[in-house]
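Per-entry structural report
The primary structure of each chain is shown beneath.
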Amino acid sequence: MTDYDVVVIGAGIVGSAIARELAGCELSVALLEARDDVGDGTSKANTAILHTGFDATPGTLESTLVRRGYHELSEYARHTGIPVEHTGAVLVAWDDEQLDALPALLEKAEANGYTRCEIVDSAAVYAMVPHLGEGVRGGLTVPDESIICTWTVNLALATDAVTRGARLLTGHRIDGVEVGPDGTTLRTSAGDVTARWVVNAAGLGADLIDAMLGHHRFTVTPRRGELIVYDKLARPLVDKIVLPVPTSRGKGVLVSPTIYGNVMLGPTSEDLEDRTATGTSESGLDFLLEKGRALMPGLLDEEVTATYAGLRAAIDHGDYLIEADPEQRYLLVGGIRSTGLTAGMAIGEYAVERLRAAGLSLVPRADLPAPPRMPNLGEASTRPYQDEELIASDPEYGAIVCFCERVTAGELRDACTSVIPPAGLDGLRRRTRVMNGRCQGFFCGGEVQEYVDLLTGARR
Ligand SMILES: Cc1cc2nc3c(=O)[nH]c(=O)nc-3n(C[C@H](O)[C@H](O)[C@H](O)COP(=O)(O)OP(=O)(O)OC[C@H]3O[C@@H](n4cnc5c(N)ncnc54)[C@H](O)[C@@H]3O)c2cc1C
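None of the values given here were measured: they were computed from a predicted structure. (Residues numbered from 1 in each chain as written. Predicted model: local features only at pLDDT ≥ 70, side-chain atom pairs only at ≥ 80, totals over all residues.)

Considering the overall build of the chain
To keep things clear, this is the line we draw: Under the DSSP-based scheme used, a helix requires at least four consecutive residues in state H or I and a strand at least two consecutive residues in state E, with every element numbered from the N terminus. Counting other C-beta atoms within 10 Å of its own, a residue is labelled buried from 20 upward, exposed at 12 or fewer, and partly exposed in the gap between, with every C-beta atom placed from the backbone.
The helix and strand tally for the chain stands at 12 helices and 22 strands. Expressed as lengths along the three principal axes of its C-alpha atoms, the size of the chain is roughly 70 × 55 × 40 Å. A burial count over the chain gives 52% of its 460 residues as buried.

Some thoughts on the environment of Asn46
Short version of the rule: A pair of residues counts as a contact when their C-beta atoms, built from backbone coordinates, are separated by no more than 7 Å.
Counting through the fold element by element, Asn46 comes out in the loop between strand E2 (29-32) and strand E3 (49-50). If near-sequence neighbours (up to four positions away) are discounted, Asn46 is found in contact with Thr150, Gly310 and Leu341.

Remarks on the site of the ligand
To keep it simple, the criterion reads: A molecule or strand has a residue near it when that residue's C-beta atom, placed from backbone coordinates, lies within 6 Å of it. Here the term charged refers only to Asp, Glu, Lys and Arg, the term nonpolar to Ala, Val, Leu, Ile, Met, Phe, Trp, Tyr, Cys and Pro, and the term polar to all other amino acids, Gly among them. Annotation comment: domain bounds sourced from an automatic or database domain assignment.
Near the ligand there are 40 residues, and of these Gly12, Gly41, Gly205, Gly225 and Gly340 occur at the shortest range. When residues of the shell around the ligand are traced back to their parent elements, those giving at least two are helix H1 (13-22), strand E18 (304-315) and helix H8 (340-357). Of the residues that constitute the shell around the ligand, the class distribution is 17 nonpolar, 17 polar and six charged. Each of domain 1 (1-84 + 145-219 + 316-379) and domain 2 (85-144 + 221-314) gives at least three residues to the shell around the ligand.

Re the environment of Val153
Mapped onto the secondary structure, Val153 falls in helix H5 (residues 150-163). Considered as a pair, Val153 and Arg356 are 203 residues apart in the sequence and their alpha carbons are 26 Å apart.

A short note on the UniProt feature "domain: BFD-like [2Fe-2S]-binding" (unreviewed entry) in the chain
The following threshold applies: UniProt positions are given in the numbering used here, feature names are shortened, and annotations may be inferred rather than shown by experiment.
Within this numbering scheme, the UniProt entry marks residues 400-452 as carrying the feature "domain: BFD-like [2Fe-2S]-binding" (unreviewed entry). As annotated, residues 400-452 comprises 45% helix and 9% strand, and the C-alpha atoms at either end are separated by 15 Å.

Topic: the nonpolar core
Inclusion rule: Each nonpolar core comprises buried Ala, Val, Leu, Ile, Met, Phe, Trp, Tyr and Cys residues, the members being joined through C-beta atoms within 7 Å.
Counting 122 residues, the largest nonpolar core has Val7, Val8, Leu31 and Val242 as its most contacted members. Counting residues per element, this core draws most heavily on H8, at nine residues. Each of domain 1 (1-84 + 145-219 + 316-379) and domain 2 (85-144 + 221-314) contributes no fewer than three residues to this core. When residues no more than four places from it in sequence are discounted, the contact partners of Val242 are Val90, Val92, Val129, Leu132, Leu254, Val255, Ser256 and Leu295. Counting residues in hydrophobic clusters, the runner-up holds 14 residues, among them Val401, Cys404, Leu428 and Val448.

Some thoughts on helix H11 (residues 425-432)
Among the eight residues in H11, six count as buried, and that is most of the element. Three or more residues of H11 are buried, namely Gly427, Leu428, Arg429, Arg430, Arg431 and Thr432. Just downstream of H11 lies Arg433, where phi reads positive at about 80 degrees.

Details of the pairing of strand E1 (residues 4-9)
Basically, it comes down to this: For two strands to be treated as a pair, DSSP must find no fewer than two bridges joining them. Here the term right-handed applies to a crossover when the path leading from its first strand over the helix to its second strand runs clockwise, the strands being oriented away from the viewer.
The buried fraction of E1 is high, at five of six residues. Examined bridge by bridge, E1 and E2 share four bridges and lie parallel to one another. Bridge pairing links Val6 to Val29 in E2. In the classification by handedness, the crossover that spans E1, the intervening H1 and the parallel E2 is right-handed.

Section: unusual backbone geometry
Geometrically, the link from Gly266 to Pro267 is a cis peptide bond, its omega value of -5 degrees lying close to zero. Inspection of the secondary structure assignment puts Pro267 in the loop between strand E16 (263-266) and strand E17 (270-271). Not every positive phi belongs to a glycine, and Arg406 is a case in point at roughly 55 degrees. By secondary structure assignment, the location of Arg406 is in the loop between strand E21 (400-402) and strand E22 (407-408).

What about the sheet that holds strand E4 (residues 84-85)?
On the basis of which strands lie adjacent, the open sheet formed by three strands has the order E3-E8-E4 and antiparallel pairing. The open sheet has two free edges, formed respectively by E3 and E4, since each of these has just one partner strand. In terms of strand pairing, E4 meets strand E8 (residues 146-148) through two bridges, oriented antiparallel. Across the sheet, residue Val84 finds its bridge partner in E8, namely Ile148.

Section: H8
Defined as follows: Here the bend at a residue means the angle between the axes of two seven-residue stretches, the one that ends at it and the one that starts at it.
Of all the bends in H8, the greatest measures close to 40 degrees and is centred on Ala346. Among the 18 residues in H8, 13 count as buried, and that is most of the element. Gly359 lies just past H8 and shows a positive phi near 120 degrees.

Some points on the domain arrangement of the chain
It is common to give the size of an interface as the accessible area lost on bringing the parts into contact. What the domain assignment reports for the chain is domain 1 (1-84 + 145-219 + 316-379), domain 2 (85-144 + 221-314) and domain 3 (384-459). Taking the mean C-alpha position of each, domain 1 and domain 2 sit 28 Å from one another. At the level of elements, helix H2 (61-80) and E8 are the ones that each hand at least two residues to the side of domain 1 that touches domain 2. The leading source of residues in the side of domain 1 that touches domain 2 is E8, at three residues. The residue makeup of the side of domain 1 that touches domain 2, split by class, is 15 nonpolar, 12 polar and five charged.

Take a look at the structure:
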């Protein structure tokens, strides 16, 4: 007798989306995660752009799933309150070669089913983004490219999976796998877990788990992307996502508003060996400052709020690698490199289709709970400290604890008593924005910790 019908490994955006889909069927599902919280891997440290997929390679699985994911996540965001701002983007050409590349990018967008791009001259680009540096030659508009809160996406999907009945098993690092005739035993840091079917959505660790199942089909290379977050006073400088002409190494360095009211510059793209190297580097930040100086000189006069880095799970294969092994009752979901935030929900659906084709019997449940309503972390909509009615009904929403980000005691309490409470201060930051502003917790850190101790003590 196995513990679960299906175990999904990895509680990032991709694993959470798959677990959510599966929990919509008559199955026992576990979402298993090495770390002590959901969304603590690559899904917490990206550029947070909801991509239209205009620049994907046409005909790839990635192109199809990014396009589908864009629409599904936009719709899901409306139901759950995940903050999204449809800012639009402009891809900027800075020299003749880049200008000459624009018609091909327009054709590519159309081949990807995205037909709203337009080539514009330099005057039109400057009219859209007046603070760009000198030397713009022209641009390509992408009106539907958007910004989103990656933290809330991950948390919403995982919360939805849990309220649908999936069991979240954090602190379960898989160290070994045994496939038997009746099921698979996952040897984890917290004991054995058995399952009839296994889905591997372990991001940077997906090739290692794949090898534990006897496969040697790909290798993950951590591709680091470093970013600089500028102060909220920089926000008037840029209203749209400013994209570079993409190269074979990726989407390049962009300037973008963030959903929290800041401005972001990055990411770099650097292949590493260490899968844990999420620190920033002097050379990476110097490179970004040099790029930023040319892109938008005024940005460099603004204060830096934070820097961070994320690791893309790049693989030696030009597309997502999603393959089922019916005999092992196993599905690999690998190589979700630089578009998984956008494509996550579509990957979830596609993974379930692959499992069905491999023999997993799926009976949709008729009694699904409504999707969760997530707290709003976005600047574009009303936040609790601005909501007079809410404060009148519960004064905790008027008690600001973090003054930089204006996070209230009510929001901290809600996060600590939610379906998936944070495992520590970093998780609380991703759920509320607390300590995420100018002072980075210097002023409020002690009070926040006391508050959390009180709340979690009460929970125990
Ligand atoms: C710099 C950067 C910028 C990006 N920008 C964008 C963007 O703008 N838009 C976009 O759509 N995408 C973007 N991406 C890509 C996106 O962030 C990823 O594709 C997505 O987060 C991948 O999600 P995941 O669930 O596959 O991986 P993860 O979030 O890494 O989740 C995998 C999980 O598996 C767990 N795990 C690993 N090994 C084990 C094990 N042995 N046992 C148990 N658990 C294990 C990990 O702890 C982790 O939590 C960007 C990525 C980076 C790095």
